[in-house]
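For reference, the chains in residue letters:
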Amino acid sequence: MINKKLFAIAPMFFLALYFSACSPADNGTSPLEDGMKITLPEPKYDSETSIEEAILNRRSIRDYTGQPLTLQDVSQLLWAAQGITDPSGFRAAPSAGATYPLEIYIVVGDVESVAGGIYRYKPQQHELVKIFDGEHREALAGAALNQQFITEAPLNIVITAIYERTTNRYGERGIRYVYMEAGHAAQNVYLQAFALNLGTVVVGAFNDGRVANILALPGNEVPLYIMPVGRIAD
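Throughout this document, residue positions are counted from 1 along each chain, in the order its sequence is written. Where local features are concerned, this predicted model is filtered to residues with pLDDT of at least 70; where side-chain atom pairs are given and counted, the filter is 80 or more; whole-chain, interface and lining totals use all residues. Think of the side-chain values as coming from all heavy atoms in the structure, minus any hydrogens and water.

Caption draft 1: View of the overall build of the chain. By definition, any uninterrupted DSSP run of H or I lasting at least four residues is a helix, any uninterrupted run of E lasting at least two residues is a strand, and each is numbered from the N terminus. Helix and strand counts for the chain come out as eight helices and seven strands. Within the span of the chain, comprising 234 residues, buried residues form 44% of the whole. Contact criterion: two residues are considered in contact whenever any of their non-hydrogen atoms come within 4.5 Å of each other. Considering only contacts in the chain between residues 6 or more positions apart, those separated by 24 or more positions represent 74%. Just so you have it, the chain exposes about 12200 Å², and 55% of that area is on carbon and sulfur atoms. Here's how the labels work: a residue is buried when its accessible area is under 20% of the maximum for its type, exposed when over 50%, partly exposed in between, all with a 1.4 Å probe on protein chains only. Each accessible area value is a Shrake-Rupley result obtained with a 1.4 Å probe; residue values ignore everything except the protein chains displayed when judging cover.

Structural data, given as structure tokens:
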């Protein structure tokens, strides 16, 4: 005779096993319940580098000096990607219908005054919230077909998307708008990096599931870009 109670809980048991296998436990860490917050320095709104010069000289850079980045560098890069540029909430990268499907994470390896770990950027507060402690660059590189410059970069920016924010308004075509927006944000990072004498490159070759696992992304959020950032020789 079938034990109906056991039969009823079996799906829950196997679902728990599934999420256990897919959880970030393989990093040796778990999400911080009350993530530490870091208020970023105010971004600067001018520099000695013209937009024309940045467009002319921007290149994809995979070799870095090994020097750490500063918190001001991080502030500028994240502001360029998704920072607030208007009191009404508009951001540095254009978004279809101001739906803002993108989320920005950083994997910190060597940034002055910032402990290694994984952080999520909150544009409205211009702050970081820590998700994980520790070193995660090797795991990220492994998820990206072992591209070792990801491990060597002091910082990796990961751009993710929640499609529903845009598709709820525009239907299936909203997926295209999300990809457009990711490109806008990535180009902003490229140009800002050049103005800071930093190098970056967009990485699209990675295992989506493994990257999502490393960042502990919810099921409706997907990674689109990895952007290692480091100092380049003068």
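Caption draft 2: Spatial organisation of the environment of N168. Take N168: it is sitting in helix α6 (residues 164–170). Distance in space between the C-alpha atoms of N168 and T99 is 9.4 Å, their sequence separation being 69 residues.

Caption draft 3: Broad picture of the packing of helix α3 (residues 71–82) against helix α7 (residues 173–195). Axis geometry follows a simple rule: fit a line to the C-alpha atoms, using only the stretch in contact for helices, then measure angles between N-to-C directions, giving values from 0 to 180 degrees. One can describe the packing of α3 onto α7 by two numbers: an axis separation of 7 Å at closest approach and a directional angle of 150 degrees. Relative to α7, the element α3 lies roughly antiparallel. When the axes of α3 and α7 are compared, the crossing they make is right-handed. Facing Q76, L77, W79, A80, A81 and Q82 of α3, the residues of α7 in contact are E181, A185, N188, V189, Q192 and A193. Broken down by class, the residue content of the contact of α3 with α7 amounts to seven nonpolar, four polar and one charged. For classification purposes, angles smaller than 35 degrees are called roughly parallel, those larger than 145 roughly antiparallel, those between 65 and 115 roughly perpendicular, and all remaining angles oblique. A crossing counts as left-handed when the near helix is turned anticlockwise from the far one by less than a right angle, and as right-handed when that turn is clockwise. All amino acids are sorted into three groups, where Ala, Val, Leu, Ile, Met, Phe, Trp, Tyr, Cys and Pro are nonpolar, Asp, Glu, Lys and Arg are charged, and the leftover types, Gly among them, are polar.

Caption draft 4: Molecular detail of the confidence of the model for the chain. Summary of the metric used: pLDDT quantifies the predictor's per-residue confidence within the range 0 to 100. With 85% of its residues at a pLDDT of 70 or more, the chain has an overall mean of 89. Predicted confidence for residues 1–30 stays below pLDDT 50, and this span has 17 contacts to residues more than four positions away or in other chains.

Caption draft 5: Main features of the pairing of strand β5 (residues 155–161). Summarising burial for β5: seven of the seven residues are buried, a large majority. Burial of β5 is two-sided: the residues L155, I157, I159 and A161 facing one way and the residues N156, V158 and T160 facing the other way are all buried. Any two strands are treated as partners once DSSP identifies two or more bridges connecting them. Direction of pairing for strand β2 (residues 102–108) relative to β5: antiparallel, over a ladder of seven bridges. The residue of β5 that forms the bridge with L102 is A161. With seven bridges joining them, β5 and strand β7 (residues 222–231) adopt antiparallel strand pairing. Among the inter-strand pairings, N156 is bridged to a residue of β7, identified as P228.

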